[in-house]
Amino acid sequence: MKTITSILTKVFVVEFYQHNASFFLLIGGLCFGFMSGIEHKALAQFFVSSPLLLTIPISFWTLYTWKVILFNRSVLQLQQNEFVFHFSLIKISAQTSSIVAIIIEQLMPFLLYAVFLIVMAWSKNMYFSIIYVVISIMLLLTWSTVILIRELNNPNQEKRVSSLKRYFDNRFKKTFYQFFIEWISRNDLVTFVGSKLFSCVVLYTVLFFYKTENYDARLLGLGISIGFSANASLAFQFHQFENVHFVILRNLPISLWRRLVYFIVTFIFLCLPEFSLLIHNFPSNLHLLTFLSSILFCISLLLIYYTHLYRHHIDMEKHMRFVFFIIMGSVVAILFSVPMGLLACIYLIEAIYIFKRYYYHFEFIAPVHRGDD
């Protein structure tokens, strides 16, 4: 049993944390770099104060669990991991105990936070919140375990297209802007929804502060720098989509400017929740010019995250390092009262230069998996 668990841990758990190292680094930096221990306790007490508020962290846990499920599914599709299907020959009880162990290891980040919430709820005698958290954890653990056991025992399952999707595909013509949005929704829904939730929460929190105090534009700039940077993972996925799944696009007779417009329009559609929050809750004490500068700053961040990927082939981890560098640089510049409009112009000029200079010289290098040589 220990041998089986050890092998599955190396295949699923170790690879999961290595693959998502940049993701955990970014989340860790945002959670522990900007919040003190007292603020974490206050936030936890806020969550456990009612079942409705507990839905917020549980929603993030559900997205994280779905991310784990998708990763485990992708691991099983790799050629070098075909030996894993041999574990379906052992007893179902042995399979279950081993898989539960590795799922717990994969879900450990939010399980630790769940324990923290339980401790906070226990100190305030909020026993219903404890029961709510425990039931949610058990359901998520059961969900991910059952799916992995099912896929281990049913390899190479046929993918079916629903009749509703076939109807819409046959009746309506798709525009270019829909291609990536549909692809990311079907292939990496966790990244899509997670980035939208994080970005909207950060922006709404920053805009809410303006209702209590008359802050200047620097606070808004900080919120945009951090919140809109959550879309950097989508920019990376858009780059992958263009160079892996829609390779023909690079060979079509489309001008560079039109390609940039495609990207901008696509991401304006993707970022409609953030733009809606910004427009609807824009602080009344700030000038209209600040509003226009903030919109331009949002677009410039998206462009710089996308175009720099054409300088040379990089993976997600190196991409997130660049994102962290841009966030920190923007934060420092804004704290020293550099206008958002000036930062936006700098990022736009740099993004356009990089795109014109490197787009046609860029060659995508497909990752080589161990065991393929």
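Rules behind the numbers
Residues numbered from 1 in each chain as written. Predicted model: local features only at pLDDT ≥ 70, side-chain atom pairs only at ≥ 80, totals over all residues. Heavy atoms only, no water. Helix = DSSP H or I, 4+ residues; strand = E, 2+ residues; numbered from the N terminus. Rg over C-alpha atoms; globule rule 2.2 N^0.38 Å. Buried < 20%, exposed > 50% of the residue type's maximum accessible area, 1.4 Å probe, protein only. Contact = heavy atoms within 4.5 Å. Areas by Shrake-Rupley, 256 points an atom, 1.4 Å probe, with all protein chains shown as cover. Lys, Arg positive; Asp, Glu negative; His and termini not counted. Charge placed at Lys NZ, Arg CZ, Asp CG, Glu CD. 1 Å grid on protein atoms, 1.4 Å probe; cavity = no way out; pocket = protein on both sides within 12 Å on 5 of 7 lines; lining within 4 Å. Points joined across faces, edges and corners; volume = space filled by probe spheres on them. Arc of directions from axis to C-beta. Patch = residues over 30% accessible without salt bridge, like charges linked within 9 Å, V, L, I, M, F, W, Y side chains within 5 Å. Salt bridge = Lys/Arg side-chain N within 4 Å of Asp/Glu carboxyl O. Core = buried A, V, L, I, M, F, W, Y, C linked by side-chain atoms within 4.5 Å. Axes fitted to C-alpha atoms, helices over the stretch in contact; angles between N-to-C directions. Parallel < 35°, antiparallel > 145°, perpendicular 65-115°, else oblique. Nonpolar A, V, L, I, M, F, W, Y, C, P; charged D, E, K, R; others polar. Phe/Tyr/Trp six-rings, centres within 6.5 Å; stacked < 30°, edge-to-face > 60°. Lys NZ or Arg CZ within 6 Å of the ring centre and 35° of its normal. Expected span 1.5 Å × (residues − 1).

## A short note on the overall build of the protein
Working step 1: Along the protein, the regular secondary structure elements total 17 helices and 0 strands.
Working step 2: For the protein, whose C-alpha radius of gyration is 23 Å, the value lies close to the compact-globule estimate of 21 Å for 373 residues.
Working step 3: Principal-axis analysis of the C-alpha atoms gives the protein an extent of 65 × 60 × 40 Å.
Working step 4: Of all 373 residues assigned to the protein, the portion counted as buried reaches 44%.
Working step 5: In the protein, once contacts between residues fewer than 6 apart in sequence are set aside, the share between residues at least 24 apart is 82%.
Working step 6: In the structure as shown, the protein presents an accessible area of about 20600 Å², 67% of it carried by carbon and sulfur atoms.
Working step 7: Of the side-chain charges in the protein, 28 are positive and 19 negative, and the distance between the mean point of each set is 4 Å.

## Things to note about the layout of surface pockets
Working step 1: There is about 200 Å³ of room inside the second largest pocket.
Working step 2: Along the walls of the second largest pocket sit Cys-200, Val-201, Tyr-204, Thr-205, Phe-208 and Phe-209, which together make up its complete lining.

## A short note on helix α14 (residues 272–280)
An α-helical segment advances 3.6 residues per turn. Residues three or four places apart therefore align on the same side.
Working step 1: Taken together, the buried positions of α14 are Glu-274, Phe-275, Leu-277 and Leu-278. When α14 is viewed along its axis, its buried side chains cluster within an angular range of 160 degrees and face the same direction. Turned more than 90 degrees from where α14 packs its buried face, Ile-279 and His-280 sit exposed.
Working step 2: Against the buried residues of α14 lie α10 (189–209), α11 (217–227), α13 (256–270) and α15 (288–307).

## Regarding a nonpolar patch on the surface
Working step 1: A cluster of nonpolar residues, Phe-46, Ile-56, Phe-60, Leu-197 and Val-201, forms a patch on the protein surface that exposes about 390 Å² of accessible area.
Working step 2: Going through the elements one at a time, α4 (51–76) and α10 are the ones with two or more residues in the nonpolar patch.
Working step 3: Relative to the helices and strands, Phe-60 is located in helix α4.

## Some words on the nonpolar core
Working step 1: In terms of nonpolar packing, the biggest core is built from 63 residues, with Leu-220, Ile-224, Phe-228, Phe-267, Phe-297 and Tyr-305 touching the most fellow members.
Working step 2: Looking at this core, the element that brings in the most residues is α15, giving 11 residues.
Working step 3: Once residues lying within four places of it in the same chain are set aside, the contact partners of Phe-297 are Gly-221, Ile-224, Ser-225, Ser-330, Ile-334, Met-340, Leu-343, Ala-344 and Tyr-347.
Working step 4: Among the nonpolar cores identified, the runner-up in size contains 38 residues, and Phe-12, Phe-47, Leu-117 and Ile-149 belong to it.

## Observations concerning the packing of α13 against α14
Working step 1: Their axes nearest at 5 Å, the elements α13 and α14 cross at an angle of 70 degrees. Here α14 runs roughly perpendicular to α13, going by the angle between their axes. The segment α13 lies against α14, with Ile-268, Phe-269 and Leu-270 engaging Leu-272, Pro-273, Glu-274 and Phe-275.
Working step 2: When its residues are assigned to classes, the contact of α13 with α14 shows 6 nonpolar, no polar and 1 charged.

## Section: the environment of Leu-292
Working step 1: For Leu-292, the position within the fold is in helix α15.
Working step 2: Leu-292 sits in the partly exposed class, given a relative accessible area of 49%.

## Notes on the pattern of salt bridges
Working step 1: In this structure the tally under the stated criterion is 3 salt bridges.
Working step 2: Note that Arg-73 is salt-bridged to Glu-151, the shortest N-O span being 2.7 Å. A residue pair is termed long-range when its members are at least 10 positions apart, and Arg-73 in helix α4 and Glu-151 in helix α7 (residues 127–153) qualify at 78 residues.
Working step 3: Of the residues examined, Glu-151 reaches a relative accessible area of 9% and is grouped as buried.
Working step 4: When the shortest N-O distance is used, the salt bridge between Arg-218 and Asp-216 registers 3.0 Å.

## A closer look at the packing of aromatic side chains
Remark: the centre distance and the inter-plane angle together describe each pair of aromatic rings, the angle taken between the planes.
Working step 1: Summed over the entire model, instances satisfying the criterion amount to 33 aromatic pairs.
Working step 2: Both rings, one in Trp-122 and one in Tyr-127, keep their centres 5.5 Å apart while their planes meet at 80 degrees; by these two values the pair is edge-to-face.
Working step 3: You can call Tyr-127 partly exposed: its relative accessible area is 43%.
Working step 4: Here Phe-263 and Phe-267 contribute two aromatic rings whose centre-to-centre distance is 4.5 Å and whose plane-to-plane angle is 35 degrees, an arrangement assigned as tilted. In this pair, Phe-263 and Phe-267 are both assigned in helix α13, 4 residues apart and thus about one turn of the helix distant. Assigned by exposure class, Phe-263 and Phe-267 land together as buried.
Working step 5: In this structure, Arg-357 is placed above the aromatic ring of Tyr-358, and the distance from its NZ or CZ to the ring centre is 5.0 Å.

## A word on unusual backbone geometry
Working step 1: With phi around 60 degrees, Asn-125 is a residue other than glycine that occupies positive phi space.
Working step 2: By secondary structure assignment, the location of Asn-125 is in the loop between α6 (108–123) and α7.
Working step 3: Although it is not a glycine, Ser-337 adopts a positive phi angle of roughly 70 degrees.
Working step 4: Among the structural elements, Ser-337 can be located in the loop between α16 (316–335) and α17 (340–358).

## Notes on α6
Working step 1: With 16 residues, α6 ought to run about 22 Å at 1.5 Å a step, and its terminal C-alpha atoms sit 23 Å apart, in line with that.
Working step 2: Along α6, the residues that are buried comprise Phe-110, Leu-111, Ala-114, Leu-117, Met-120 and Ala-121.
Working step 3: The inward-facing, buried residues of α6 contact α3 (37–48), α4, α5 (92–106) and α7.
Working step 4: Asn-125 lies just past α6 and shows a positive phi near 60 degrees.

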